[in-house]
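# Fold and geometry: a report
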Amino acid sequence: MDFIKKNLSEIQNKIKLYASNRNDILLIAVSKTFPIEYIKEAYDFGIRDFAENKAQELRYKAQELSDLDINWHFIGRIQTNKIKYIVPVAKYIHSVYREKEIEEIDKVAKKYNKIQKILIELNVSGEESKGGITENELKDLLEFSKQFENVQVVGLMTMAPYTDNEEIIRNVFLKLKSLRDEYIKYYPNLKELSMGMSNDYHIAIEAGSTMLRIGSSIFGNRNYSTGG
Ligand SMILES: *Cc1c(COP(=O)(O)O)cnc(C)c1O
């Protein structure tokens, strides 16, 4: 599995290159569908942040790796009845965009005596297949979130549209940044910009990303048919 360390070192070099002097960029290794051994290999290289997009898979891997000092991120579609599996282990939940999810996260977080950090997902490009709210709904959702003591909104998240057109992708990322810059005046915790995946992280960094979610460039192609 030497390829994992080789990939990670190449990615870290690229991040340094694109980030110039910034050092506020977190590399999150998206380990969904990949085996425990792959996570250990990346951990051994020094990676501490890993992301999953299925509640049960997150719970299973967190249990198996409970002796390691890992920060878990949840980045998938949220099913309200699975929030009870996510909150106990996730340091960040990136993909929140419904009021009922926020209510349930608060309820479960209270039980664990925890303040759950979340990011609000925006569907900037407006593609129907994507989750997230529109920019017009952001103000109300941020205001709504304020009433929950055990939920803290720490940033915004988005996925780029499916296109090779870098200009379109860049505009989506810059839009997310401008929303963050606008609302951080009223919500000082709203610092994070979770954007950038294997194919577009160079664009995301230049647009101000603080959290990169990178999977296949580290671990290889995912095979969804064999479980995971
Ligand atoms: C799978 C996934 C990623 C990682 O995608 P890669 O193209 O493999 O880097 C990032 N973000 C989300 C929300 C994902 O579901």
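Just so we're clear, the structure is a prediction, and the values are computed from it rather than from any experiment.

About the thresholds
Residues numbered from 1 in each chain as written. Predicted model: local features only at pLDDT ≥ 70, side-chain atom pairs only at ≥ 80, totals over all residues. Heavy atoms only, no water. Core = buried A, V, L, I, M, F, W, Y, C linked by side-chain atoms within 4.5 Å. Buried < 20%, exposed > 50% of the residue type's maximum accessible area, 1.4 Å probe, protein only. Helix = DSSP H or I, 4+ residues; strand = E, 2+ residues; numbered from the N terminus. Contact = heavy atoms within 4.5 Å. Salt bridge = Lys/Arg side-chain N within 4 Å of Asp/Glu carboxyl O. Arc of directions from axis to C-beta.

Among the nonpolar cores identified, the biggest contains 67 residues, and Phe-50, Ile-93, Ile-120, Leu-138, Leu-156, Phe-173 and Phe-219 are the most heavily contacted of them. In terms of residue count, the dominant contributor to this core is helix α7 (residues 166-183) (six residues). Excluding its chain neighbours within four sequence positions, the residues that come into contact with Phe-50 are Ile-28, Ala-29, Ser-31, Ile-39, Ala-42, Tyr-43, Ile-70, Asn-71, Trp-72, His-73 and Phe-219. Membership of the second largest hydrophobic core comes to nine residues, among which are Ile-28, Val-30, Ala-51 and Val-154.

What follows covers the pattern of salt bridges. Per the counting criterion, the structure on display carries 15 salt bridges. Measuring nitrogen to oxygen at the nearest pair gives 2.6 Å for the salt bridge that ties Lys-5 to Asp-44. Taken together, the residues Lys-5 in helix α1 (residues 2-19) and Asp-44 in helix α2 (residues 36-45) connect sequence positions 39 residues apart. In this structure, Asp-181 engages Arg-180 in a salt bridge whose closest nitrogen and oxygen atoms are separated by 2.9 Å. The class of Arg-180 is buried, set by a relative accessible area of 11%. Where salt bridges share partners, they join Lys-5, Glu-41 and Asp-44 into one cluster.

It is worth spelling out helix α3 (residues 55-64) at this point. Of the residues making up α3, those classed as buried are Ala-55, Glu-57, Leu-58, Lys-61 and Ala-62. Down the axis, α3 shows its buried residues gathered within 165° of arc, on one side only.

It is worth spelling out α2 at this point. Ile-36, Tyr-38, Ile-39, Glu-41, Ala-42 and Tyr-43 are the residues of α2 that are buried. Looking at the buried side of α2, the elements it contacts are α1, β2 (49-52), α3, β3 (71-74) and α9 (216-219). Just downstream of α2 lies Gly-46, where phi reads positive at about 125°.

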